[in-house]
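# Summary of structural features
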There are 6 protein chains.
Amino acid sequence: MDTALDIVTIGETMLRLSPPPGVRITQANEFDVHVGGAESNVAAVASQLGCQTGWISKLPASPLGRRITTALQSYDVELDIIWDHDDDGRVGTYYFEPGGKPRGDTVQYDRAGSSVTTLTTAEISLEMIKSASICYVSGITPALSETLQTTVETVLQIAQSAGTKTAFDLNYRSKLWNTTMAKNAYQSLLPDVDILIGAERDVNTCLDRSADPESIVRDLASTFNLETVILTRGKNGVVALSNDTVFEQPVYDAKTIDAVGTGDAFVGGFLTQKLNDGHNGTTCSSIEHALATGAATAALKRTIKGDIAAITPAEVAAVRDTDTTEGISR
Amino acid sequence: MDTALDIVTIGETMLRLSPPPGVRITQANEFDVHVGGAESNVAAVASQLGCQTGWISKLPASPLGRRITTALQSYDVELDIIWDHDDDGRVGTYYFEPGGKPRGDTVQYDRAGSSVTTLTTAEISLEMIKSASICYVSGITPALSETLQTTVETVLQIAQSAGTKTAFDLNYRSKLWNTTMAKNAYQSLLPDVDILIGAERDVNTCLDRSADPESIVRDLASTFNLETVILTRGKNGVVALSNDTVFEQPVYDAKTIDAVGTGDAFVGGFLTQKLNDGHNGTTCSSIEHALATGAATAALKRTIKGDIAAITPAEVAAVRDTDTTEGISR
Amino acid sequence: MDTALDIVTIGETMLRLSPPPGVRITQANEFDVHVGGAESNVAAVASQLGCQTGWISKLPASPLGRRITTALQSYDVELDIIWDHDDDGRVGTYYFEPGGKPRGDTVQYDRAGSSVTTLTTAEISLEMIKSASICYVSGITPALSETLQTTVETVLQIAQSAGTKTAFDLNYRSKLWNTTMAKNAYQSLLPDVDILIGAERDVNTCLDRSADPESIVRDLASTFNLETVILTRGKNGVVALSNDTVFEQPVYDAKTIDAVGTGDAFVGGFLTQKLNDGHNGTTCSSIEHALATGAATAALKRTIKGDIAAITPAEVAAVRDTDTTEGISR
Amino acid sequence: MDTALDIVTIGETMLRLSPPPGVRITQANEFDVHVGGAESNVAAVASQLGCQTGWISKLPASPLGRRITTALQSYDVELDIIWDHDDDGRVGTYYFEPGGKPRGDTVQYDRAGSSVTTLTTAEISLEMIKSASICYVSGITPALSETLQTTVETVLQIAQSAGTKTAFDLNYRSKLWNTTMAKNAYQSLLPDVDILIGAERDVNTCLDRSADPESIVRDLASTFNLETVILTRGKNGVVALSNDTVFEQPVYDAKTIDAVGTGDAFVGGFLTQKLNDGHNGTTCSSIEHALATGAATAALKRTIKGDIAAITPAEVAAVRDTDTTEGISR
Amino acid sequence: MDTALDIVTIGETMLRLSPPPGVRITQANEFDVHVGGAESNVAAVASQLGCQTGWISKLPASPLGRRITTALQSYDVELDIIWDHDDDGRVGTYYFEPGGKPRGDTVQYDRAGSSVTTLTTAEISLEMIKSASICYVSGITPALSETLQTTVETVLQIAQSAGTKTAFDLNYRSKLWNTTMAKNAYQSLLPDVDILIGAERDVNTCLDRSADPESIVRDLASTFNLETVILTRGKNGVVALSNDTVFEQPVYDAKTIDAVGTGDAFVGGFLTQKLNDGHNGTTCSSIEHALATGAATAALKRTIKGDIAAITPAEVAAVRDTDTTEGISR
Amino acid sequence: MDTALDIVTIGETMLRLSPPPGVRITQANEFDVHVGGAESNVAAVASQLGCQTGWISKLPASPLGRRITTALQSYDVELDIIWDHDDDGRVGTYYFEPGGKPRGDTVQYDRAGSSVTTLTTAEISLEMIKSASICYVSGITPALSETLQTTVETVLQIAQSAGTKTAFDLNYRSKLWNTTMAKNAYQSLLPDVDILIGAERDVNTCLDRSADPESIVRDLASTFNLETVILTRGKNGVVALSNDTVFEQPVYDAKTIDAVGTGDAFVGGFLTQKLNDGHNGTTCSSIEHALATGAATAALKRTIKGDIAAITPAEVAAVRDTDTTEGISR
Ligand SMILES: [Ca+2]
Ligand SMILES: [Ca+2]
Ligand SMILES: [Ca+2]
Ligand SMILES: [Ca+2]
Ligand SMILES: [Ca+2]
Ligand SMILES: [Ca+2]
Ligand SMILES: [Ca+2]
Ligand SMILES: [Ca+2]
Ligand SMILES: [Ca+2]
Ligand SMILES: [Ca+2]
Ligand SMILES: [Ca+2]
Ligand SMILES: [Ca+2]
Ligand code: NI
Ligand code: NI
Ligand code: NI
Ligand code: NI
Ligand code: NI
Ligand code: NI
Ligand code: NI
Ligand code: NI
Ligand code: NI
Ligand code: NI
Ligand code: NI
Ligand code: NI
Ligand code: NI
Ligand code: NI
Ligand code: NI
Ligand code: NI
Ligand code: NI
Ligand code: NI
């Protein structure tokens with residue numbers, strides 16, 4: 001690694017197996033294969049939008065581990081993989097069954113004991129973290145094992161000490177731990193966080209908040225001394241606070257084909273624009289611009305199968321800056 | 001067969017061949033293969049919801065006949081198959097072309113002279129029928145041949161005499177016979193029926209009714225001495241009468257992927273719940289509960305490809321008992 | 001060629017390659033193959049509705065050239081192909097990426113220098129044109145090369161002189177030329193046109209009109225001495241003028257699976273009905289009937305994958321003449 | 001029909017449905033769709049090799065009937081279809097299960113009572129037959145119904161009287177009739193035949209021959225007064241007699257992907273070359289050349305999925321006239 | 001369970017995921033889904049050949065667990081499933097990558113800690129075992145966990161005490177344990193075994209034998225007091241000893257599409273025939289007949305995708321009793 | 001670019017579109033999408049075997065251009081892409097139709113005028129070339145345009161001057177130029193080449209040689225002052241000369257699924273091993289070892305779909321160093 005990365009991330013990426021729409025897992029004769037994880041989703045999106053991004057993880061030295069690196073390399077994400085040569089090493093797997101009223105999409109995890117759960121700070125490239133502009137982790141990673149909880153804590157501390165901005169997305173997963181465990185973990189991590197992203201429901205449940213959005217972001221920012229707080233509110237858009245100012249960003253309308261990874265696309269778009277180095281066809285780094293970029297990226301994600309938004313800066317700008325997507329461009 | 005079945009059914013099951021959405025049969029290069037028939041759809045749904053169910057039919061001793069048993073066995077339906085060793089034996093086949101405004105789904109039958117059309121009472125296991133709790137037949141079966149009309153009549157008589165409740169779904173098919181023929185057949189069958197299910201339009205056309213729903217169900221119940229009458233009214237839900245009380249059940253909202261088999265899913269859900277043996281996660285056998293279970297099962301069916309709802313009791317209960325299917329469960 | 005054709009067309013037909021919905025071209029592992037071009041789309045649609053139709057073009061003598069004739073022959077379109085034996089001959093190709101809010105469908109052309117761009121009047125069967133009832137060309141053809149612009153001009157003149165009605169659809173394509181070039185070409189072609197079809201936007205941009213629809217069609221008809229002018233207005237339907245009378249035709253509601261070729265389906269339906277020879281199950285050739293037939297054909301097209309509406313006269317009549325497409329026909 | 005056809009054919013064409021290699025029909029979730037029939041296979045092959053060919057048949061006026069015309073039109077075969085508007089009209093269907101040692105390919109017919117079985121001479125275009133150079137029928141057609149047996153007899157007589165050469169391929173199918181029935185039919189047809197093609201086994205079984213190949217072809221030619229007799233002997237190639245001279249033609253080696261239609265490809269290639277009008281890139285009409293063309297076409301067929309050889313004259317000539325197919329042509 | 005089973009089995013069944021031939025797992029975009037496990041493969045094969053068979057196992061109460069029961073029920077195998085409601089319950093999974101010289105097929109297991117590894121004798125239906133004619137287990141089951149090793153030991157003892165014949169297939173898997181562990185386990189199990197099947201290599205490696213086949217089977221039979229010993233020798237066929245007589249059975253030639261499950265198909269065919277109740281179209285129960293039935297079933301398996309041979313008694317008999325599979329049966 | 005690359009390559013990479021086996025392009029309804037080009041194939045193979053590799057090219061700034069970078073990035077090849085923003089920029093495309101006796105695989109190019117044909121030395125990163133250990137180009141690149149011929153010449157000169165070894169594979173393509181043109185180009189390039197790879201046939205045809213292999217390699221080495229000459233002889237293996245010693249390497253037997261890219265896989269394997277930095281699990285850099293590595297990589301390629309061998313060092317070593325690939329590894 002020679003050049004400093006714009007965004008470095010650390011976490012688990014899973015194999016995602018899904019039957020076609022309208023087919024139940026119990027009857028499926030083939031699964032579509034995708035690769036996804038909150039942190040690598042963010043890295044892949046930001047890479048496509050022009051950032052130098054990296055992803056740190058641990059994978060079994062097996063075809064399945066390499067299936068994941070194949071996917072992430074295709075998005076030009078810089079990888080620091082600790083290869084697990086243990087026979088029992090495994091990749092996390094999840095089965096995604098697309099639904100539709102009156103049943104939702106469902107996720108069946110088979111991820112316990114994956115290789116990444118043993119990842120320690122000693123194994124990873126601290127230089128990659130220290131030299132980056134932003135270090136991003138999601139709340140899923142500390143939920144995977146005690147070892148990872150410690151690793152995340154250490155990584156965030158090292159990053160902040162080195163002047164790398166830290167970004168954290170709560171991402172509470174009820175199938176991995178309960179709200180009490182999550183709350184404890186979040187509270188020991190938040191002192192090392194600069195930019196906090198959280199779904200309103202997760203903030204309410206895991207951080208015990210229950211006020212109007214603006215009050216919540218003000219409260220969180222002051223409680224945890226955060227530079228930026230972003231409260232994502234589903235169809236109600238986003239309320240954010242940055243350096244004491246509150247912003248609102250509505251969602252862009254989208255025809256959803258696959259909702260998985262929408263939040264990660266938002267984060268990838270937001271962080272890229274915030275770094276303001278012209279990657280997105282504009283050098284404006286205002287928080288408004290960054291939020292709009294995130295929202296546009298998220299809307300595009302919903303039209304694309306898989307966890308990762310395959311997009312270009314121009315497509316994001318078109319959604320963000322213009323109105324018209326009617327008809328066929330030809 | 002040792003244990004008495006909860007629900008025994010008798011009828012034809014066809015091979016269903018369908019091109020992908022947006023592709024016309026005239027251009028199709030591959031057909032998706034499914035298996036469906038009103039009675040076996042009901043049996044497969046009820047089996048998944050916890051009943052012991054059976055299906056009686058006649059099939060050619062050929063790969064196509066076995067394609068059908070393969071499918072129904074996968075749902076753990078108990079089979080009593082009369083194997084037709086005649087070279088000319090055939091399975092009924094239908095080609096299903098999914099549409100969408102301004103053209104509807106269309107069905108092209110190729111079912112004339114299928115093996116089941118020669119099925120006589122002498123060939124089947126009467127013990128299976130006599131020992132069951134419910135014997136279900138649809139109005140399609142007597143439409144297939146005079147032989148089958150006689151067989152259905154005899155079976156319903158034998159069932160009632162043996163204390164097995166009889167359930168009949170009008171299911172008028174204009175491509176098989178006309179309303180006069182159907183009316184004559186229905187009228188000779190209805191004296192042996194306990195539970196009648198009928199679409200409002202079929203009741204109007206084939207049973208010459210034309211009143212408000214409540215009047216119709218009261219009229220039918222008293223005319224034919226029925227324990228239960230269920231009038232299905234499409235998007236307007238269901239009006240039912242049971243032991244002189246009238247009930248209404250609205251439909252659950254659904255994103256339809258495949259509407260075929262919706263009515264059968266309703267019947268499968270309704271009958272299972274009505275048997276009240278705790279299979280559905282509740283021991284309540286009230287008619288309200290049964291109608292809601294039927295409606296929830298029907299709504300789930302619409303999200304699933306093929307004629308048979310692949311579902312679990314828990315999924316049905318979730319639709320019936322809760323409101324929320326937003327988001328992704330993970 | 002012995003019998004006179006009802007409709008003869010001349011133009012380019014391309015290979016269309018498209019990833020499945022939700023998959024980006026940049027990630028695609030397989031492409032669906034279709035064949036499309038404005039003129040052959042019209043010919044294929046009209047052929048299915050009962051016309052004798054023909055298509056004149058130039059194709060490389062290669063598997064890809066033959067892929068195109070295979071497709072058009074399947075619709076029983078009479079072909080007059082000039083086979084290009086030059087090694088550098090090529091078929092036009094376009095990559096179609098289906099979108100969905102907030103990104104539209106996109107088209108990536110790879111059609112420069114295709115064999116048809118060198119097609120001259122000397123190479124084609126003038127008898128086929130002179131003996132036909134209608135000769136149809138779209139505004140895409142003159143945009144492809146100067147040679148083709150000359151060829152189209154000559155063909156329209158020859159047709160008109162021979163008593164063959166000429167039909168022209170503006171079909172402005174911004175990826176092929178600019179509005180100035182288009183305007184010049186259109187203005188030298190329009191004197192030889194009898195029936196003009198144009199999208200409102202194209203008329204405004206390329207023919208410098210900007211009035212209410214009725215004024216525009218009156219203006220165009222008198223300026224260019226047109227028998228019939230059809231202004232297509234997207235969801236607002238169609239405004240037409242024929243022999244000094246103005247007509248309006250709304251669109252039929254449709255669930256769009258593939259919008260490409262909708263305009264061509266309209267033209268194919270309209271021209272067929274206008275020829276009034278009973279092909280469509282009615283011998284009425286009124287302009288109202290023709291517009292309704294076009295609109296019904298166009299609505300059906302939107303439900304079908306590929307550029308060509310695979311339809312029957314009966315299906316078109318059902319949309320045009322009745323209201324009900326609810327439920328499943330069985 | 002204006003121009004006389006080179007080859008006119010009459011018979012049944014079926015829908016062929018097949019699971020992928022290695023998948024049993026009893027487990028199949030999708031079927032590949034192809035279209036095949038001995039006579040239309042011959043017509044499609046000869047059309048691609050440059051002949052004007054036609055196919056006469058009767059089909060239900062349904063999507064399935066049109067699926068068949070779509071396929072044959074794509075090969076530019078001229079069609080004379082009697083459309084069966086009877087609700088009970090059907091297309092013959094067959095299920096093809098590809099095998100591999102120790103099980104062979106298997107065919108499951110579902111063709112009884114198809115529309116074509118009622119086709120009478122009165123319904124068809126006799127002009128098409130009288131004006132053609134060759135009229136070809138296979139021994140499958142008279143096996144389908146007594147009506148068709150009469151129709152075939154009449155057609156062959158009319159053809160011969162009009163100076164159209166008649167060609168007949170025994171094609172005995174044990175699933176359709178027995179050898180006694182076939183023998184009777186063949187013997188009443190053979191007096192009207194000019195060119196006889198027959199597999200050695202069929203000749204032995206149905207025409208009671210059992211000698212060496214040369215003796216058999218001599219015997220058949222003199223017994224039935226045949227211009228040409230072709231005895232096909234599987235891997236042992238072909239022995240033919242034409243105008244008292246005997247010829248031998250070995251098979252070309254082929255990697256078989258799909259053996260169905262190999263014999264029809266041979267016939268299509270042979271007849272085309274025999275007509276000697278330069279369609280195959282040579283104007284030689286010697287019987288040797290024709291046999292070699294047939295054998296080359298047959299070998300190519302084996303490499304192609306479906307019943308019909310999709311080929312070009314150049315490809316056939318390359319197999320027939322050169323040795324080398326090693327490597328990749330690029 | 002009322003009627004006694006012919007064959008009861010106990011073990012693990014896994015989800016098998018495989019890319020198409022020629023595609024590496026590292027690049028795969030979709031996986032074909034199959035279900036396989038030595039014991040259930042045997043049960044499914046024997047069921048199709050006419051036996052009443054059962055399979056006992058433990059599965060997570062999840063869509064993936066139900067995916068497995070769906071598959072086995074489709075073969076009409078009687079199931080005794082202990083449903084694991086623990087969140088951490090999982091199905092064993094394996095990724096199968098089809099190869100071809102110079103790389104073989106490869107298997108990547110992800111099966112550690114699957115639900116079945118905790119299956120105890122107390123959980124299962126002993127009645128099902130005691131009343132069966134044969135109880136079959138493979139050497140994979142004791143390799144999965146110490147708990148299962150104990151369970152298998154107890155089950156075999158209970159079976160033998162109850163007069164149920166016990167059959168055991170060594171099936172050594174080097175990815176699960178080493179030869180020392182296997183040897184210890186096998187030696188404590190073999191005293192409870194009546195019928196032993198073993199690959200020559202496994203017998204040599206894990207049971208320390210190294211003599212000619214006949215000596216080995218004699219030695220094993222006397223050492224472990226076995227009724228029947230079958231030594232499978234790959235392409236060299238099978239050498240068996242039963243009641244002191246030695247038999248040889250060559251393999252039937254096969255075009256291999258999928259070799260997985262070949263051994264299980266042999267066992268299923270062998271045991272079925274040995275039970276001699278006419279299921280296979282012959283009432284002969286001689287060991288020769290049983291070995292030939294096993295070999296024929298095994299050869300057919302190789303032509304079928306997935307772990308389970310989808311076959312009929314007639315197909316097996318055709319391979320076993322006749323020579324000819326040339327050509328197409330039609 | 002910070003670290004020096006092991007192997008830098010420059011050339012064209014095309015989109016490859018191919019119908020499934022047994023389907024002709026003229027009938028195809030879908031194309032499999034792959035990406036291939038001699039130089040990037042070599043880079044992708046060597047990258048997987050452990051080298052740092054790079055690929056320099058020019059691509060249209062379009063989804064199709066990015067389809068190619070997506071593929072190559074997935075193999076972790078370092079890219080230096082000049083993005084062509086011209087509307088007329090295009091990717092080279094080729095249609096690959098898999099054959100099988102008696103027709104070979106065929107390739108249909110549609111690559112004329114692709115963006116790379118305008119690539120000049122001024123546009124590319126010379127530093128990347130100068131710092132690399134090896135610079136590899138194939139003889140296809142100079143065949144694409146005069147501009148590219150000049151670019152290749154300059155690049156080889158600059159590389160050699162900077163101490164970067166130059167490797168050149170003749171790769172004569174008769175569809176791109178003739179032997180005279182190729183000979184002239186080769187002769188002006190060879191003075192700047194260190195390592196020459198050439199198929200025996202190309203050497204004979206384009207370099208006018210016609211002796212036994214050993215004489216040819218000696219002759220070429222002395223004539224052009226080459227460090228290493230490798231003569232590839234199809235099934236006869238390879239004869240090589242390095243520093244005056246002659247070596248022979250037979251081919252490893254392979255079941256060919258896709259032969260495209262076999263030669264590039266050989267080069268990728270050979271060059272990697274020759275660099276001797278332990279990437280391949282051995283630090284031996286002997287020419288014998290390198291040739292065996294190349295041959296093993298080539299054999300593996302033949303079992304994999306697409307132009308690029310997806311392999312691991314361990315798989316290559318297994319073929320090279322051991323004999324046994326029988327059976328299934330589990
Ligand atoms: Ca990079
Ligand atoms: Ca292990
Ligand atoms: Ca059961
Ligand atoms: Ca028959
Ligand atoms: Ca025609
Ligand atoms: Ca060229
Ligand atoms: Ca024609
Ligand atoms: Ca059974
Ligand atoms: Ca059962
Ligand atoms: Ca858990
Ligand atoms: Ca790298
Ligand atoms: Ca352009
Ligand atoms: Ni996908
Ligand atoms: Ni940057
Ligand atoms: Ni390692
Ligand atoms: Ni399906
Ligand atoms: Ni019950
Ligand atoms: Ni039987
Ligand atoms: Ni398509
Ligand atoms: Ni007409
Ligand atoms: Ni096909
Ligand atoms: Ni001719
Ligand atoms: Ni001709
Ligand atoms: Ni008609
Ligand atoms: Ni499969
Ligand atoms: Ni038995
Ligand atoms: Ni339970
Ligand atoms: Ni592929
Ligand atoms: Ni290196
Ligand atoms: Ni640029």
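The structure this text deals with has already been given above.
Right, let's walk through the structure included here. Computed from a prediction, not measured in an experiment: that's the story for all the values here.

## Some thoughts on the overall build of chain A
Helix and strand counts for chain A come out as 11 helices and 14 strands. Scaling as 2.2 N^0.38, a compact globule of 330 residues should have a C-alpha radius of gyration of about 20 Å, and chain A matches this with 19 Å. Over its C-alpha atoms, taken along the principal directions, chain A stretches across nearly 50 × 50 × 40 Å. In chain A, the proportion of contacts linking residues at least 24 apart, taken out of those at least 6 apart, comes to 70%. Accessible surface, chain A: about 11200 Å² in total, of which carbon and sulfur atoms supply 45%. Of the charged side chains in chain A, 26 are positive and 42 negative, and the gap between their average positions amounts to 7 Å.

## Structural notes on the coordination of the nickel ion (ligand 21)
Donor atoms from the polypeptide that coordinate the nickel ion (ligand 21) comprise Asp32 of chain D (OD) and His34 of chain D (NE2), at 2.5 Å from the metal. Relative accessible area serves as the criterion here: at 26%, aspartate 32 of chain D is assigned to the partly exposed category.

## So, the environment of glutamate 39 of chain D
Residues and elements named next belong to chain D. Looking at the element boundaries, glutamate 39 is found in helix 1 (residues 38-48). Since its relative accessible area comes to 1%, glutamate 39 is described here as buried. Those residues in contact with glutamate 39, other than ones at most four positions away along the chain, are Thr9, Ile10, Gly11, Glu12, Trp55, Tyr136, Val137, Ser138 and Thr141.

## Examining the sheet that holds strand 10 (residues 195-199) of chain D
All names here are of chain D. The mixed open sheet is built from 9 strands, whose spatial order is 5-4-1-8-9-10-11-12-13. Looking at which strands have only one partner, the edges of the open sheet turn out to be strand 5 (78-84) and strand 13 (245-249). This sheet shows a mean twist of 15 degrees between the axes of neighbouring strands, independent of strand direction. Bridge count for strand 1 (residues 7-10) against strand 4 (residues 53-60) is 4 bridges, and the pairing is parallel. Along strand 4, the bridge assignment pairs isoleucine 7 with threonine 53. Helix 10 (residues 287-301) contacts strand 11 (228-232), strand 12 (238-242) and strand 13 of the sheet and is inclined by roughly 30 degrees relative to strand 13.

## Examining the pattern of salt bridges
In total, this model carries 102 salt bridges over all chains according to the counting rule given. Among the ionic pairs, arginine 218 of chain C bridges to glutamate 214 of chain C, the shortest N-O distance being 3.3 Å. In this pair, arginine 218 of chain C and glutamate 214 of chain C both sit in helix 8 (residues 213-224), 4 residues apart, roughly one turn of the helix. Several salt bridges share partner residues, and in doing so they unite Arg24, Glu97 and Arg103 of chain A together with Glu315 of chain B into one network.

## What to know about the side chain of serine 40 of chain D
All names here are of chain D. Looking at the element boundaries, serine 40 is found in helix 1. Of note is the side chain of serine 40, whose polar atom sits 2.6 Å from the side chain of threonine 13. Leaving out residues up to four positions away in the same chain, serine 40 has contacts with Thr9, Thr13, Trp55 and Leu72.

## Considering the relation of the copies chain E and chain A
Between chain E and chain A, which share one sequence, the superposing operator has a rotation angle of 180 degrees and an axial displacement of 0.0 Å; the RMSD is 0.0 Å. Classification of the inter-copy transformation places it as that of a two-fold axis. For chain E, the minimum C-alpha distance to the rotation axis belongs to phenylalanine 31 of chain E and amounts to 2.6 Å. A high fraction, 100%, of the interface residues of chain E reappear at the interface in chain A, so the copies pair face to face through one surface.

## Quick notes on the relation of the copies chain A and chain F
For the match of chain A to chain F, the screw axis carries a shift of 0.0 Å, the RMSD comes to 0.0 Å, and the turn is 180 degrees. Both copies present the same face, since 100% of the interface residues in chain A are matched by interface residues at the equivalent positions in chain F.

## Structural notes on the interface of chain E and chain A
One frequent convention defines the size of an interface as the accessible area lost when the parts assemble. Of the residues lining the interface, 23 residues belong to chain E; the matching set on chain A comes to 23 residues. When chain E packs against chain A, close to 2200 Å² is buried across both sides, 55% of that on carbon and sulfur atoms. Taken as a group, Thr26, Phe31 and Leu64 of chain E account for 23% of the area that chain E buries against chain A, more than any other trio of residues on that side. Arginine 90 of chain E is the salt-bridge partner of aspartate 110 of chain A, the closest N and O atoms lying 2.7 Å from each other.

## Digging into the coordination of the calcium ion (ligand 8)
Residue and element names in this part refer to chain E. Within the first shell, the calcium ion (ligand 8) binds the protein through Gln52 (OE1) and Asp76 (OD), at distances of 2.3 to 3.1 Å. A separation of 5.8 Å is found between the calcium ion (ligand 8) and the calcium ion (ligand 9). Here aspartate 76 lies in the loop between helix 2 (63-74) and strand 5 (78-84) and glutamine 52 lies in the loop between helix 1 (38-48) and strand 4 (53-60), a separation of 24 residues in the sequence. Under the relative-accessibility criterion, glutamine 52 is labelled partly exposed at 38%.

## Let's talk about the environment of glycine 269 of chain F
Residues and elements named next belong to chain F. Counting through the fold element by element, glycine 269 comes out in helix 9 (residues 262-275). For glycine 269 and alanine 296, which are 27 residues apart along the polypeptide, the C-alpha to C-alpha distance reads 7.9 Å. Not counting chain neighbours up to four residues away, the residues in contact with glycine 269 comprise Val45, Leu49, Ala290, Thr293, Gly294 and Thr297.

## Notes on the pairing of strand 1 (residues 7-10) of chain A
All names here are of chain A. Across the two faces of strand 1 the burial is the same, with Ile7 and Thr9 and Val8 and Ile10 all buried. As paired elements, strand 1 and strand 8 (residues 134-138) share 3 bridges and run parallel to each other. By the bridge assignment, threonine 9 is partnered in strand 8 with tyrosine 136.

## So, the side chain of threonine 141 of chain F
Residue and element names in this part refer to chain F. Structurally, threonine 141 is set in helix 4 (residues 141-144). One polar contact links threonine 141 to glutamate 39, side chain to side chain, over a distance of 2.5 Å. Setting aside chain neighbours within four positions, we find threonine 141 in contact with Ile10, Gly11, Glu12, Glu39, Leu148 and Val152.

## With respect to helix 10 (residues 287-301) of chain C
The end-to-end C-alpha distance of helix 10 of chain C, which contains 15 residues, comes to 21 Å, matching closely the 21 Å that a straight helix rising 1.5 Å per residue would cover. In terms of burial, helix 10 of chain C is largely enclosed, as 14 of its 15 residues are buried.

## Focus: the interface of chain A and chain F
At the interface, 8 residues of chain A touch 8 residues of chain F. Summed over both sides, the interface between chain A and chain F buries roughly 670 Å², with carbon and sulfur atoms accounting for 49% of that surface. Put simply, chain A and chain F have 0 salt bridges between them. Our enumeration of links across chain A and chain F arrives at 0 residue pairs in polar contact (both at pLDDT 80 or more). Here the residues of the side of chain A that touches chain F sort into 1 nonpolar, 4 polar and 3 charged.

## Observations concerning the packing of helix 5 (residues 146-161) of chain D against helix 6 (residues 179-189) of chain D
Residue and element names in this part refer to chain D. Orientation of helix 5 relative to helix 6, taken along the N-to-C sense of each, is 20 degrees, at an axis distance of 10 Å. Regarding the angle of helix 5 to helix 6, the classification is roughly parallel. The hand of the helix 5/helix 6 crossing is right-handed. Packed against helix 5, whose contacting residues are Gln149, Val152, Glu153 and Leu156, the element helix 6 presents Ala185, Ser188 and Leu189 at the interface. Tallied by class, the residues present in the contact of helix 5 with helix 6 amount to 4 nonpolar, 2 polar and 1 charged.

Criteria and thresholds
- Residues numbered from 1 in each chain as written.
- Chains lettered and ligands numbered in written order.
- Predicted model: local features only at pLDDT ≥ 70, side-chain atom pairs only at ≥ 80, totals over all residues.
- Heavy atoms only, no water.
- Helix = DSSP H or I, 4+ residues; strand = E, 2+ residues; numbered from the N terminus.
- Rg over C-alpha atoms; globule rule 2.2 N^0.38 Å.
- Contact = heavy atoms within 4.5 Å.
- Areas by Shrake-Rupley, 256 points an atom, 1.4 Å probe, with all protein chains shown as cover.
- Lys, Arg positive; Asp, Glu negative; His and termini not counted.
- Charge placed at Lys NZ, Arg CZ, Asp CG, Glu CD.
- Donors = N, O, S within 2.8 Å, 3.2 Å for Na, K, Ca; no water.
- Buried < 20%, exposed > 50% of the residue type's maximum accessible area, 1.4 Å probe, protein only.
- Pairing = 2+ DSSP bridges.
- Axes fitted to C-alpha atoms, helices over the stretch in contact; angles between N-to-C directions.
- Salt bridge = Lys/Arg side-chain N within 4 Å of Asp/Glu carboxyl O.
- Polar contact = N/O pair within 3.5 Å; in protein donor to acceptor, adjacent residues only side chain to side chain.
- Least-squares fit on C-alpha atoms with pLDDT ≥ 70 in both.
- Buried area = accessible area lost by both parts, 1.4 Å probe.
- Expected span 1.5 Å × (residues − 1).
- Nonpolar A, V, L, I, M, F, W, Y, C, P; charged D, E, K, R; others polar.
- Parallel < 35°, antiparallel > 145°, perpendicular 65-115°, else oblique.
- Left-handed = near helix turned anticlockwise from the far one by under 90°.

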